[in-house]
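Residue-level listing of the chains:
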Amino acid sequence: MQKYFFICVILITLNALDNGLGRKPPMGWNPWNKYGCNINEEIVRQTADALVSTGLAAAGYIYLNLDDCWQSDRDPVTKRIIVDPIRFPSGMPSLVQYVHSKGLKFGLYSDAGMQTCEGKPGSLGYEDIDAQTYAEWDIDYLKYDNCHTDGTSPKVRYPPMSAALMKQSKKIYFSMCEWGLEKPWLWAPPIANSWRTTGDISDHWYSFIAILEEQAHLAQYAGPGQWNDPDMLEVGNGGMKTHEYQAHFALWAILKAPLLIGCDITNMSQETKKILMNPEVIAVNQDSLGIQASRVKKVLTSEVWAAEVADNGPGVVAVLFNQASLTESITIEFDKLGISGTQSVRDLINQVELGQATTSYTCQVPAHSAVMVKFRDVHTDQ
Ligand code: GLA
(Lines give C-alpha, C1' and ligand atoms only; values in the text may rest on other atoms or scores of the structure.)
Protein backbone atom coordinates (compact mmCIF):
# COMPACT_ATOMS: atom_id res chain seq x y z
CA MET A 1 0.00 0.00 0.00
CA GLN A 2 1.31 3.40 -0.90
CA LYS A 3 2.31 5.35 2.17
CA TYR A 4 2.66 9.07 2.30
CA PHE A 5 5.08 10.10 4.97
CA PHE A 6 4.79 13.78 5.42
CA ILE A 7 6.80 16.02 7.70
CA CYS A 8 3.69 17.97 8.42
CA VAL A 9 1.66 15.08 9.79
CA ILE A 10 -1.18 16.68 11.68
CA LEU A 11 -0.37 17.00 15.34
CA ILE A 12 -3.58 18.18 16.87
CA THR A 13 -2.98 18.35 20.57
CA LEU A 14 -6.01 20.43 21.55
CA ASN A 15 -9.55 19.34 20.85
CA ALA A 16 -11.39 21.48 18.32
CA LEU A 17 -14.37 23.60 19.42
CA ASP A 18 -17.25 21.22 19.90
CA ASN A 19 -19.85 22.89 17.67
CA GLY A 20 -19.52 20.56 14.68
CA LEU A 21 -18.85 23.49 12.34
CA GLY A 22 -15.96 24.25 10.02
CA ARG A 23 -15.13 20.64 9.24
CA LYS A 24 -13.85 22.17 6.00
CA PRO A 25 -12.53 25.74 5.67
CA PRO A 26 -15.49 28.12 5.32
CA MET A 27 -16.06 29.68 1.89
CA GLY A 28 -17.96 32.88 1.29
CA TRP A 29 -17.77 36.64 0.95
CA ASN A 30 -16.92 39.56 3.25
CA PRO A 31 -17.23 43.24 2.29
CA TRP A 32 -14.24 44.65 4.21
CA ASN A 33 -11.47 44.46 1.58
CA LYS A 34 -13.63 46.21 -1.03
CA TYR A 35 -16.06 48.44 0.85
CA GLY A 36 -14.55 49.05 4.31
CA CYS A 37 -17.18 50.87 6.34
CA ASN A 38 -19.25 51.81 3.26
CA ILE A 39 -21.62 48.92 3.54
CA ASN A 40 -25.42 48.87 3.37
CA GLU A 41 -28.29 46.46 2.90
CA GLU A 42 -28.54 47.14 -0.81
CA ILE A 43 -24.98 45.89 -1.34
CA VAL A 44 -25.72 42.86 0.82
CA ARG A 45 -28.87 41.94 -1.11
CA GLN A 46 -27.16 42.41 -4.46
CA THR A 47 -24.24 40.33 -3.27
CA ALA A 48 -26.57 37.55 -2.12
CA ASP A 49 -28.21 37.56 -5.56
CA ALA A 50 -24.79 37.55 -7.26
CA LEU A 51 -23.44 34.70 -5.15
CA VAL A 52 -26.23 32.60 -6.63
CA SER A 53 -26.41 33.98 -10.19
CA THR A 54 -22.66 33.81 -10.83
CA GLY A 55 -22.45 30.20 -9.66
CA LEU A 56 -20.17 31.13 -6.74
CA ALA A 57 -22.61 29.63 -4.24
CA ALA A 58 -22.76 26.39 -6.21
CA ALA A 59 -18.94 26.39 -6.22
CA GLY A 60 -19.03 26.43 -2.40
CA TYR A 61 -19.10 30.11 -1.41
CA ILE A 62 -22.08 29.98 0.91
CA TYR A 63 -21.28 32.42 3.74
CA LEU A 64 -22.29 36.04 3.25
CA ASN A 65 -20.63 37.80 6.17
CA LEU A 66 -20.82 41.40 7.27
CA ASP A 67 -17.76 43.10 8.72
CA ASP A 68 -17.46 46.30 10.78
CA CYS A 69 -20.02 49.15 10.64
CA TRP A 70 -23.38 47.37 10.71
CA GLN A 71 -23.95 48.50 14.34
CA SER A 72 -24.58 52.06 15.50
CA ASP A 73 -25.25 51.98 19.23
CA ARG A 74 -26.17 49.97 22.30
CA ASP A 75 -29.59 50.53 23.89
CA PRO A 76 -28.89 52.15 27.29
CA VAL A 77 -31.76 50.29 28.94
CA THR A 78 -31.95 46.84 27.33
CA LYS A 79 -28.21 46.81 26.46
CA ARG A 80 -29.11 45.25 23.11
CA ILE A 81 -27.00 46.16 20.13
CA ILE A 82 -28.68 48.57 17.69
CA VAL A 83 -28.35 48.05 13.95
CA ASP A 84 -27.40 51.18 11.98
CA PRO A 85 -30.83 52.42 10.80
CA ILE A 86 -29.39 54.36 7.87
CA ARG A 87 -27.24 51.61 6.41
CA PHE A 88 -29.72 48.84 7.24
CA PRO A 89 -33.21 50.39 7.31
CA SER A 90 -35.00 47.03 7.06
CA GLY A 91 -33.23 45.74 10.16
CA MET A 92 -31.15 42.64 10.59
CA PRO A 93 -33.79 39.86 10.84
CA SER A 94 -35.27 40.60 7.43
CA LEU A 95 -31.83 40.84 5.83
CA VAL A 96 -30.78 37.53 7.37
CA GLN A 97 -34.02 35.99 6.12
CA TYR A 98 -33.36 37.30 2.62
CA VAL A 99 -29.84 35.84 2.57
CA HIS A 100 -31.11 32.53 3.96
CA SER A 101 -33.87 32.45 1.34
CA LYS A 102 -31.10 32.27 -1.28
CA GLY A 103 -29.74 29.12 0.36
CA LEU A 104 -26.82 31.04 1.87
CA LYS A 105 -25.53 31.46 5.42
CA PHE A 106 -25.18 34.80 7.18
CA GLY A 107 -22.28 36.13 9.26
CA LEU A 108 -21.83 39.11 11.57
CA TYR A 109 -18.86 40.90 13.09
CA SER A 110 -18.11 42.19 16.57
CA ASP A 111 -15.12 42.94 18.77
CA ALA A 112 -13.66 41.69 22.06
CA GLY A 113 -13.26 45.26 23.23
CA MET A 114 -15.32 48.30 24.20
CA GLN A 115 -15.51 49.39 20.56
CA THR A 116 -14.89 47.82 17.17
CA CYS A 117 -11.93 48.98 15.09
CA GLU A 118 -14.25 51.57 13.46
CA GLY A 119 -15.51 52.83 16.82
CA LYS A 120 -18.87 51.01 16.89
CA PRO A 121 -20.01 49.34 20.12
CA GLY A 122 -17.97 46.23 20.97
CA SER A 123 -19.10 43.14 22.86
CA LEU A 124 -16.72 43.16 25.84
CA GLY A 125 -18.95 42.66 28.90
CA TYR A 126 -22.00 42.10 26.64
CA GLU A 127 -21.08 38.67 25.30
CA ASP A 128 -24.23 36.90 26.53
CA ILE A 129 -26.76 39.42 25.33
CA ASP A 130 -25.00 39.80 21.99
CA ALA A 131 -24.74 36.05 21.40
CA GLN A 132 -28.41 35.72 22.31
CA THR A 133 -29.33 38.51 19.89
CA TYR A 134 -27.29 36.92 17.07
CA ALA A 135 -29.01 33.59 17.70
CA GLU A 136 -32.44 35.28 17.67
CA TRP A 137 -31.53 36.83 14.33
CA ASP A 138 -30.53 33.35 13.13
CA ILE A 139 -26.95 34.18 12.21
CA ASP A 140 -24.49 31.44 11.32
CA TYR A 141 -21.02 32.96 11.76
CA LEU A 142 -19.30 35.54 13.94
CA LYS A 143 -15.97 37.27 13.24
CA TYR A 144 -14.60 38.66 16.50
CA ASP A 145 -12.02 41.47 16.34
CA ASN A 146 -9.47 42.83 18.81
CA CYS A 147 -9.65 46.67 18.90
CA HIS A 148 -10.24 49.04 21.85
CA THR A 149 -9.67 46.45 24.53
CA ASP A 150 -9.22 46.86 28.28
CA GLY A 151 -5.61 45.74 27.93
CA THR A 152 -6.21 42.17 29.05
CA SER A 153 -5.02 39.24 26.98
CA PRO A 154 -7.13 37.84 24.13
CA LYS A 155 -6.86 34.59 26.10
CA VAL A 156 -9.14 36.27 28.66
CA ARG A 157 -11.44 38.20 26.30
CA TYR A 158 -12.22 35.59 23.61
CA PRO A 159 -13.44 32.61 25.68
CA PRO A 160 -16.52 34.44 27.07
CA MET A 161 -17.90 35.03 23.57
CA SER A 162 -17.12 31.45 22.58
CA ALA A 163 -18.99 30.21 25.68
CA ALA A 164 -21.89 32.61 25.05
CA LEU A 165 -22.25 31.35 21.47
CA MET A 166 -22.12 27.75 22.64
CA LYS A 167 -25.05 28.41 25.01
CA GLN A 168 -27.35 29.17 22.07
CA SER A 169 -29.37 26.39 20.50
CA LYS A 170 -28.21 27.60 17.10
CA LYS A 171 -24.61 26.60 16.29
CA ILE A 172 -22.56 29.62 15.22
CA TYR A 173 -19.12 29.44 13.55
CA PHE A 174 -16.63 31.42 15.66
CA SER A 175 -13.88 33.22 13.73
CA MET A 176 -11.30 34.84 16.00
CA CYS A 177 -9.45 37.89 14.76
CA GLU A 178 -6.68 38.77 17.23
CA TRP A 179 -4.17 39.04 14.37
CA GLY A 180 -1.91 36.24 15.62
CA LEU A 181 -0.65 38.46 18.46
CA GLU A 182 -0.65 35.77 21.15
CA LYS A 183 -0.10 32.75 18.88
CA PRO A 184 -3.78 31.71 18.91
CA TRP A 185 -2.96 28.44 17.13
CA LEU A 186 -1.57 27.28 20.50
CA TRP A 187 -4.67 27.97 22.58
CA ALA A 188 -7.66 28.80 20.34
CA PRO A 189 -8.67 25.35 18.98
CA PRO A 190 -11.03 24.57 21.90
CA ILE A 191 -12.78 27.95 21.62
CA ALA A 192 -12.81 28.89 17.93
CA ASN A 193 -13.25 27.37 14.49
CA SER A 194 -10.55 29.59 13.00
CA TRP A 195 -8.22 32.37 14.05
CA ARG A 196 -6.40 35.06 12.15
CA THR A 197 -2.66 34.45 12.12
CA THR A 198 -1.52 37.92 10.99
CA GLY A 199 -2.41 41.58 10.66
CA ASP A 200 -4.61 42.80 7.81
CA ILE A 201 -3.96 41.88 4.21
CA SER A 202 -3.94 44.69 1.65
CA ASP A 203 -4.33 44.51 -2.10
CA HIS A 204 -0.61 44.42 -2.89
CA TRP A 205 1.89 41.74 -3.87
CA TYR A 206 4.15 42.56 -0.89
CA SER A 207 1.31 42.24 1.59
CA PHE A 208 0.38 38.86 0.13
CA ILE A 209 3.94 37.44 0.30
CA ALA A 210 4.60 38.86 3.77
CA ILE A 211 1.49 37.12 5.08
CA LEU A 212 2.41 33.92 3.26
CA GLU A 213 5.80 33.91 4.98
CA GLU A 214 4.09 33.91 8.37
CA GLN A 215 2.20 30.68 7.54
CA ALA A 216 5.35 28.58 7.14
CA HIS A 217 5.31 26.97 10.56
CA LEU A 218 1.62 26.67 11.26
CA ALA A 219 0.52 23.56 9.36
CA GLN A 220 0.48 21.31 12.38
CA TYR A 221 -2.17 23.40 14.13
CA ALA A 222 -4.87 23.18 11.44
CA GLY A 223 -7.39 20.46 10.80
CA PRO A 224 -11.13 19.85 10.53
CA GLY A 225 -12.90 22.34 12.81
CA GLN A 226 -9.77 24.43 13.50
CA TRP A 227 -8.18 26.57 10.80
CA ASN A 228 -5.39 29.10 10.58
CA ASP A 229 -6.75 32.21 8.86
CA PRO A 230 -4.22 34.29 6.89
CA ASP A 231 -7.00 36.87 6.16
CA MET A 232 -9.47 37.31 3.35
CA LEU A 233 -8.91 37.15 -0.39
CA GLU A 234 -7.95 40.22 -2.42
CA VAL A 235 -8.57 38.47 -5.77
CA GLY A 236 -10.48 40.83 -8.07
CA ASN A 237 -9.77 44.08 -6.24
CA GLY A 238 -7.35 45.41 -8.84
CA GLY A 239 -4.09 45.92 -6.94
CA MET A 240 -2.35 42.79 -8.26
CA LYS A 241 -1.84 41.20 -11.67
CA THR A 242 -3.99 38.24 -12.70
CA HIS A 243 -1.13 35.75 -12.26
CA GLU A 244 -0.38 37.19 -8.80
CA TYR A 245 -4.02 36.76 -7.79
CA GLN A 246 -3.90 33.23 -9.18
CA ALA A 247 -0.88 32.50 -6.94
CA HIS A 248 -2.62 34.12 -3.93
CA PHE A 249 -5.68 31.92 -4.50
CA ALA A 250 -3.75 28.68 -5.07
CA LEU A 251 -1.67 29.26 -1.94
CA TRP A 252 -4.64 30.23 0.25
CA ALA A 253 -6.41 27.10 -1.03
CA ILE A 254 -3.55 24.73 -0.15
CA LEU A 255 -3.05 26.49 3.20
CA LYS A 256 -6.64 25.46 3.99
CA ALA A 257 -7.43 29.11 4.61
CA PRO A 258 -11.04 30.22 4.90
CA LEU A 259 -11.78 31.32 1.31
CA LEU A 260 -13.63 34.59 1.85
CA ILE A 261 -13.91 36.61 -1.33
CA GLY A 262 -13.24 40.30 -0.78
CA CYS A 263 -14.17 41.88 -4.12
CA ASP A 264 -17.35 43.22 -5.73
CA ILE A 265 -18.86 40.02 -7.07
CA THR A 266 -21.66 41.88 -8.87
CA ASN A 267 -19.03 43.11 -11.29
CA MET A 268 -16.29 40.50 -11.68
CA SER A 269 -14.03 40.11 -14.71
CA GLN A 270 -13.83 36.74 -16.47
CA GLU A 271 -10.29 36.33 -15.06
CA THR A 272 -11.51 36.86 -11.50
CA LYS A 273 -14.35 34.37 -11.96
CA LYS A 274 -12.01 31.83 -13.46
CA ILE A 275 -9.61 32.07 -10.50
CA LEU A 276 -12.28 31.98 -7.81
CA MET A 277 -14.36 29.23 -9.36
CA ASN A 278 -11.62 26.80 -10.36
CA PRO A 279 -13.11 23.49 -9.15
CA GLU A 280 -9.81 21.62 -8.87
CA VAL A 281 -8.16 24.34 -6.77
CA ILE A 282 -11.26 24.63 -4.56
CA ALA A 283 -11.23 20.83 -4.13
CA VAL A 284 -7.74 21.07 -2.61
CA ASN A 285 -8.99 23.60 -0.07
CA GLN A 286 -12.05 21.50 0.74
CA ASP A 287 -10.24 18.15 0.82
CA SER A 288 -11.59 15.87 3.54
CA LEU A 289 -8.20 15.30 5.21
CA GLY A 290 -7.96 19.02 5.99
CA ILE A 291 -4.16 19.02 5.97
CA GLN A 292 -2.65 22.48 5.70
CA ALA A 293 0.34 22.73 3.34
CA SER A 294 3.86 22.95 4.73
CA ARG A 295 6.66 24.73 2.96
CA VAL A 296 8.80 21.74 1.94
CA LYS A 297 11.44 23.64 -0.02
CA LYS A 298 12.76 27.19 -0.25
CA VAL A 299 15.69 28.34 -2.36
CA LEU A 300 16.00 32.12 -2.43
CA THR A 301 12.75 33.33 -4.04
CA SER A 302 11.56 29.89 -5.20
CA GLU A 303 9.48 27.80 -2.86
CA VAL A 304 7.28 24.74 -2.78
CA TRP A 305 4.31 24.23 -0.50
CA ALA A 306 2.71 20.79 -0.32
CA ALA A 307 -0.02 18.81 1.36
CA GLU A 308 -1.38 15.30 1.14
CA VAL A 309 -4.96 15.07 -0.15
CA ALA A 310 -7.51 12.28 -0.20
CA ASP A 311 -10.35 13.36 -2.47
CA ASN A 312 -10.61 12.72 -6.24
CA GLY A 313 -7.89 10.12 -5.82
CA PRO A 314 -5.33 10.26 -3.02
CA GLY A 315 -2.10 12.06 -3.76
CA VAL A 316 0.08 15.00 -2.89
CA VAL A 317 -0.59 18.52 -4.14
CA ALA A 318 2.30 20.95 -4.49
CA VAL A 319 2.38 24.66 -5.27
CA LEU A 320 5.61 25.74 -6.97
CA PHE A 321 5.80 29.46 -6.32
CA ASN A 322 8.19 31.92 -7.90
CA GLN A 323 8.49 35.26 -6.09
CA ALA A 324 11.20 36.56 -8.44
CA SER A 325 10.59 39.00 -11.31
CA LEU A 326 11.97 36.58 -13.92
CA THR A 327 10.93 33.06 -14.87
CA GLU A 328 12.58 30.43 -12.64
CA SER A 329 13.05 26.72 -13.04
CA ILE A 330 11.71 25.08 -9.87
CA THR A 331 12.39 21.44 -9.03
CA ILE A 332 10.69 19.44 -6.34
CA GLU A 333 12.33 16.19 -5.30
CA PHE A 334 9.80 13.46 -4.51
CA ASP A 335 11.49 12.53 -1.25
CA LYS A 336 10.61 16.04 0.02
CA LEU A 337 6.97 15.15 -0.66
CA GLY A 338 7.13 11.72 0.93
CA ILE A 339 6.44 10.01 -2.40
CA SER A 340 8.49 7.76 -4.65
CA GLY A 341 8.34 5.85 -7.91
CA THR A 342 6.53 7.02 -11.01
CA GLN A 343 3.86 9.63 -10.46
CA SER A 344 1.24 11.07 -12.76
CA VAL A 345 1.30 14.86 -12.76
CA ARG A 346 -1.81 17.00 -13.17
CA ASP A 347 -1.86 20.79 -13.49
CA LEU A 348 -4.82 21.73 -11.30
CA ILE A 349 -5.02 25.38 -12.32
CA ASN A 350 -5.27 24.57 -16.02
CA GLN A 351 -6.93 21.18 -15.41
CA VAL A 352 -4.66 19.20 -17.73
CA GLU A 353 -2.57 16.05 -17.36
CA LEU A 354 1.14 16.77 -17.74
CA GLY A 355 2.36 13.17 -18.09
CA GLN A 356 4.52 11.24 -15.65
CA ALA A 357 7.59 11.96 -13.55
CA THR A 358 10.01 9.85 -11.52
CA THR A 359 12.19 11.00 -8.62
CA SER A 360 11.49 14.71 -9.09
CA TYR A 361 9.46 17.21 -11.08
CA THR A 362 10.79 20.39 -12.67
CA CYS A 363 8.77 23.24 -14.08
CA GLN A 364 9.42 26.68 -15.52
CA VAL A 365 7.41 29.04 -13.32
CA PRO A 366 6.86 32.56 -14.67
CA ALA A 367 7.60 35.63 -12.53
CA HIS A 368 5.29 36.18 -9.52
CA SER A 369 3.36 33.03 -10.43
CA ALA A 370 2.39 29.68 -9.01
CA VAL A 371 2.00 26.27 -10.60
CA MET A 372 -0.23 23.86 -8.71
CA VAL A 373 0.30 20.18 -9.47
CA LYS A 374 -1.10 16.96 -8.08
CA PHE A 375 1.08 13.84 -7.95
CA ARG A 376 -0.55 10.42 -7.93
CA ASP A 377 1.22 7.07 -7.78
CA VAL A 378 0.67 5.44 -11.19
CA HIS A 379 0.49 1.96 -9.64
CA THR A 380 -2.24 2.96 -7.18
CA ASP A 381 -4.14 4.56 -10.07
CA GLN A 382 -4.37 1.36 -12.09
C1 GLA B 1 -9.56 44.83 11.80
C2 GLA B 1 -9.65 43.44 11.16
C3 GLA B 1 -10.12 43.59 9.72
C4 GLA B 1 -11.46 44.30 9.68
C5 GLA B 1 -11.36 45.64 10.38
C6 GLA B 1 -12.72 46.29 10.57
O7 GLA B 1 -8.54 45.58 11.22
O8 GLA B 1 -8.42 42.78 11.21
O9 GLA B 1 -10.21 42.33 9.09
O10 GLA B 1 -12.43 43.49 10.29
O11 GLA B 1 -10.78 45.51 11.69
O12 GLA B 1 -12.65 47.49 11.25
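Residues numbered from 1 in each chain as written. Predicted model: local features only at pLDDT ≥ 70, side-chain atom pairs only at ≥ 80, totals over all residues. Heavy atoms only, no water.

As annotated in an unreviewed UniProt entry, the protein chain carries the name alpha-galactosidase and is attributed to Paramecium sonneborni. What UniProt records for the protein chain under Sequence similarities (unreviewed entry) is the sentence "Belongs to the glycosyl hydrolase 27 family." Turning to the protein chain, the UniProt annotation filed under Catalytic activity (unreviewed entry) states: "Hydrolysis of terminal, non-reducing alpha-D-galactose residues in alpha-D-galactosides, including galactose oligosaccharides, galactomannans and galactolipids." (UniProt positions renumbered as here; feature names shortened; annotations may be inferred.)

### Some remarks on the pairing of strand E15 (residues 342-347)
Consecutive residues of a regular strand have side chains that alternate between opposite faces of the sheet. Alignment of E15 against strand E16 (residues 352-358), held across 6 bridges, turns out to be antiparallel. Paired with Gln343 across the two strands is Ala357, which belongs to E16. Sheet topology note: the E15/strand E18 (residues 369-377) ladder contains 5 bridges and is antiparallel. Counted as the bridge partner of Gln343 is Asp377 from E18. (Pairing = 2+ DSSP bridges. Helix = DSSP H or I, 4+ residues; strand = E, 2+ residues; numbered from the N terminus.)

### What to know about the packing of aromatic side chains
All told, the structure shown has 13 aromatic pairs when counted by the stated rule. An aromatic cluster of at least three residues, connected via ring pairs, comprises Trp205, Phe208, Trp252 and Phe321. In this structure, Arg45 packs its charged tip against the face of Tyr98, placed 5.0 Å from the ring centre. If you follow Arg74 out to its NZ or CZ, it ends over the ring of Tyr126, 4.0 Å from the centre. (Phe/Tyr/Trp six-rings, centres within 6.5 Å; stacked < 30°, edge-to-face > 60°. Lys NZ or Arg CZ within 6 Å of the ring centre and 35° of its normal.)

### A closer look at the layout of surface pockets
Considered as a void within the structure, the largest pocket measures approximately 250 Å³ in volume. Residue lining of the largest pocket: 16 residues in total, with Glu280, Asn312, Arg346, Leu348 and Lys374 positioned closest to the centre. Counting only elements with at least two residues in the lining of the largest pocket, the list comes to helix H9 (279-285), E15 and E18. Here the lining of the largest pocket takes 4 residues from H9, the largest share from any one element. A per-class count over the lining of the largest pocket returns 6 nonpolar, 2 polar and 8 charged. (1 Å grid on protein atoms, 1.4 Å probe; cavity = no way out; pocket = protein on both sides within 12 Å on 5 of 7 lines; lining within 4 Å. Points joined across faces, edges and corners; volume = space filled by probe spheres on them. Nonpolar A, V, L, I, M, F, W, Y, C, P; charged D, E, K, R; others polar.)

### Overview of the nonpolar core
With 92 residues, the main nonpolar core has Trp70 and Trp252 as its most contacted residues. Dropping the residues within four chain positions of it, Trp70 is found in contact with Ile81, Val83, Asp84, Phe88, Met92, Leu108, Tyr109, Tyr134 and Trp137. Within the second largest apolar cluster, 19 residues are counted, among which are Val296, Val304, Ala318 and Ile339. (Core = buried A, V, L, I, M, F, W, Y, C linked by side-chain atoms within 4.5 Å. Buried < 20%, exposed > 50% of the residue type's maximum accessible area, 1.4 Å probe, protein only. Contact = heavy atoms within 4.5 Å.)

### Description of empty space enclosed by the protein
If you walk through the whole model with that rule in mind, you get 1 cavity of 30 Å³ or more. The computed volume of the largest cavity comes to approximately 70 Å³. The wall of the largest cavity is formed by Asn30, Asn65, Leu66, Tyr141, Lys143, Ser175, Arg196, Asp229, Asp231, Met232 and Leu260. Considered class by class, the residues forming the lining of the largest cavity number 4 nonpolar, 3 polar and 4 charged.

### Re the sheet that holds strand E5 (residues 105-111)
Reading across the sheet, the 8 strands line up as E9-E8-E7-E6-E5-E2-E1-E10 and stay open at both edges, with parallel pairing between neighbours. Only two strands of the sheet have a single partner each, and these edge strands are strand E9 (227-229) and strand E10 (259-261). Direction aside, the axes of adjacent strands within the sheet are offset by 25 degrees on average. For strand E6 (residues 141-145) and strand E7 (residues 173-176), the ladder comprises 4 bridges, and the chain directions are parallel. Its bridge partner being in E7, Tyr144 is matched across the sheet by Met176. (Axes fitted to C-alpha atoms, helices over the stretch in contact; angles between N-to-C directions.)

### Some thoughts on the site of the ligand
Every residue close to the ligand is listed here: Trp32, Asp67, Asp68, Tyr109, Cys117, Glu118, Lys143, Asp145, Cys177, Trp179, Arg196 and Asp200. Here an oxygen atom of the ligand and a side-chain polar atom of Asp68 are 2.8 Å apart. Contact distances for the ligand include 2.9 Å between an oxygen atom and a side-chain N or O atom of Trp179. Along the lines of polarity and charge, the residues of the shell around the ligand split into 5 nonpolar, no polar and 7 charged. (Near = heavy atom within 4 Å. Polar contact = N/O pair within 3.5 Å; in protein donor to acceptor, adjacent residues only side chain to side chain.)

### Notes on the pattern of salt bridges
Going through the model one piece at a time under the given rule, you end up with 18 salt bridges. Across the pair Arg157 and Asp150 runs a salt bridge whose closest N-O atoms are separated by 3.8 Å. Using a relative accessible area of 3% as the deciding quantity, one classes Arg157 as buried. The salt bridge involving Lys297 is made with Glu333; its shortest N-O contact spans 3.1 Å. Of the two residues, Lys297 sits in strand E11 (residues 294-299) while Glu333 sits in strand E14 (residues 328-333), which places them 36 residues apart along the sequence. Glu333 sits in the partly exposed class, given a relative accessible area of 24%. (Salt bridge = Lys/Arg side-chain N within 4 Å of Asp/Glu carboxyl O.)

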